[in-house]
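So you can see what is in the structure, the chains are spelled out below.
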Amino acid sequence: MTMPVHVTFRDLATNDTLDALIRERADSLQTSYGRIQNCRVLVEVPHRHHRSGNRYQVRIELAVPGDTLVVSHHPSLDTTIKHAGGSPSKAGERDSDARHAAIVIREAFDIARRRLIDFADKLAEKSHSKAS
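These notes cover the structure that comes with them. Model, not experiment: these values are computed from the prediction.

1. What to know about the nonpolar core
Ranked by size, the top nonpolar core spans 33 residues in total, and within it Val43, Ile60 and Leu62 carry the most contacts. With ten residues, the top contributor of residues to this core is helix α4 (residues 97–131). Once residues lying within four places of it in the same chain are set aside, the contact partners of Ile60 are Cys39, Arg40, Val41, Leu69, Val70, Val71, Ala108, Phe109 and Ala112.

If you want it as structure tokens, here you go:
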């Protein structure tokens, strides 16, 4: 069963490529924990400081039985440039906005996957301790 995925872009134009990446990553979370009820993703640029580049923020809310897992990720510009393979310069800051956003989205979903695995492990520990 496919879980519903709600994607919102705030303070930036809707981007079909980023939307497809988000939906692909959300679907892949199902392999880590198959009981996700829904997924909400917010991609935003909270401050448009042209001197320091656009710093994207990604917030992921995963509804699981009895709980909601939330990941809020906003890396520094230096981290984003390093992952993009550039150096921290003005030319690097003018690099493709979509590429920087995609990096932040991937990092956020990697964090979400680790949280889901931790959540599933805790549930398994609780069920094993009850059985003893």
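So, next bit.
2. Section: unusual backbone geometry
Most of the time, phi is negative for any residue but glycine, and the peptide bond is trans. For Asp11, which is not glycine, the phi dihedral falls at a positive 65°. By secondary structure assignment, the location of Asp11 is in the loop between β1 (5–10) and α1 (16–29).

3. Thoughts on the pattern of salt bridges
Considering all chains together, one arrives at four salt bridges under this definition. The salt bridge partner of Glu44 is Arg10, with a shortest N-O separation of 3.4 Å. One end of the pair, Glu44, is in strand β2 (residues 38–44); the other, Arg10, is in strand β1, and 34 residues separate them in sequence. Judged by relative accessible area, Glu44 falls into the buried class, the value being 15%. One salt bridge in this structure joins Arg25 and Asp110, with 3.3 Å as the shortest N-O distance. Taken together, the positions of Arg25 in helix α1 and Asp110 in helix α4 put the pair 85 residues apart, joining distant regions of the chain.

4. So, the sheet that holds β2
What the four strands build is an open sheet, ordered β1-β2-β3-β4; its pairing is mixed. A strand with exactly one partner marks an edge of an open sheet, and here the two such strands are β1 and β4 (67–73). Across the sheet, the mean angle from the axis of one strand to that of its neighbour is 10°, orientation sign disregarded. As paired elements, strand β3 (residues 57–64) and β4 share seven bridges and run antiparallel to each other. The residue bridging Val64 from the neighbouring strand is Asp67, located in β4.

Reading guide: rules and limits
Residues numbered from 1 in each chain as written. Predicted model: local features only at pLDDT ≥ 70, side-chain atom pairs only at ≥ 80, totals over all residues. Heavy atoms only, no water. Core = buried A, V, L, I, M, F, W, Y, C linked by side-chain atoms within 4.5 Å. Buried < 20%, exposed > 50% of the residue type's maximum accessible area, 1.4 Å probe, protein only. Helix = DSSP H or I, 4+ residues; strand = E, 2+ residues; numbered from the N terminus. Contact = heavy atoms within 4.5 Å. Salt bridge = Lys/Arg side-chain N within 4 Å of Asp/Glu carboxyl O. Pairing = 2+ DSSP bridges. Axes fitted to C-alpha atoms, helices over the stretch in contact; angles between N-to-C directions.

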